[in-house]
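# A closer look at the structure
Listed below, chain by chain, are the residues.
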Amino acid sequence: MKKYFGSLLAFAMVAMLSVSLSSCKSDDGIEEGATILGQWIHEDGVGDADVLLFSGSSLTQGNVTYTEFDDDDDPKIKTSTFTFDPKTCILKMPGFTYRDVKVVSLSATKLKLKYFPDDDDTTTFSRKPE
């Protein structure tokens, strides 16, 4: 009975470890070689736009500028630092939001974020051509 319990315990530990080590690269569409650095634009079709500009010497941390364009107001510009963990798909921008932002997908041309700029929505940004 002891031997059976030990084997069952070992199997359960291996199963839990394999679940906890999964990364977002294969699960959530992080394209191989894609970078968050660059300028990203979201236009809503009624004259409003959100622009994110990620810069830095590292693919996982640096500075970010957020510009919000409204039809009837002057652009609102904010700056912050950012950190991005491609293993967990968590983007932190403490100057813009108190919560972690989930990178749902990242490719050479598209960036899909959950919880930014709206707290409960998913927003798709397109890379601005250089």
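Anything mentioned here points back to the structure above.
Residues numbered from 1 in each chain as written. Predicted model: local features only at pLDDT ≥ 70, side-chain atom pairs only at ≥ 80, totals over all residues. Heavy atoms only, no water.

### Some details on unusual backbone geometry
- For the bond running from F116 to P117, omega is 0°, close enough to zero to count as cis.
- Along the chain, P117 falls in the loop between β7 (110-114) and β8 (122-127).
- Despite not being glycine, C89 shows a phi value in the positive range, around 65°. (Helix = DSSP H or I, 4+ residues; strand = E, 2+ residues; numbered from the N terminus.)

### Some words on the pattern of salt bridges
- For the coordinates displayed, the defined rule picks out 2 salt bridges.
- The salt bridge partner of D70 is K76, with a shortest N-O separation of 3.4 Å.
- Of the residues examined, D70 reaches a relative accessible area of 19% and is grouped as buried.
- Linking K92 and D100 is a salt bridge whose minimum nitrogen-to-oxygen distance equals 3.7 Å.
- We classify K92 as partly exposed; its relative accessible area is 40%.
- We classify D100 as partly exposed; its relative accessible area is 37%. (Salt bridge = Lys/Arg side-chain N within 4 Å of Asp/Glu carboxyl O. Buried < 20%, exposed > 50% of the residue type's maximum accessible area, 1.4 Å probe, protein only.)

### A short note on the side chain of D70
- For D70, the location among the structural elements is in the loop between β3 (61-69) and β4 (76-85).
- Separated by 3.4 Å, the side chains of D70 and K76 make a polar contact.
- Apart from the residues within four sequence positions on either side, D70 is in contact with G47, D48 and K76. (Polar contact = N/O pair within 3.5 Å; in protein donor to acceptor, adjacent residues only side chain to side chain. Contact = heavy atoms within 4.5 Å.)

### Description of the side chain of S80
- Positionally, S80 belongs in strand β4.
- Within the structure, the side chain of S80 is placed 2.9 Å from the backbone nitrogen of G95, a separation counted as a polar contact.
- Once you skip the residues sitting within four places of it in the chain, S80 turns out to touch G62, N63, V64, M93, P94, G95 and F96.

### Thoughts on the nonpolar core
- Of all hydrophobic cores here, the largest spans 21 residues; its most connected members are L52, F54 and L91.
- Within the residue set of this core, elements represented by two or more residues are β2 (49-55), β3, β4, β6 (101-106) and β7.
- The greatest single-element share of this core, amounting to 3 residues, is contributed by β6. (Core = buried A, V, L, I, M, F, W, Y, C linked by side-chain atoms within 4.5 Å.)

### A word on the sheet that holds strand β1 (residues 38-43)
- Strands sit in the order β1-β2-β3-β4-β5-β6-β7-β8 around a closed barrel of 8 strands; the barrel is antiparallel. Averaged over all pairs of adjacent strands, the angle between their axes in this sheet comes to 35°, without regard to strand direction.
- Taken together, the 4 bridges between β6 and β7 define a ladder with antiparallel strand orientation. Each residue of the ladder has a partner; that of L106, found in β7, is L111. (Pairing = 2+ DSSP bridges. Axes fitted to C-alpha atoms, helices over the stretch in contact; angles between N-to-C directions.)

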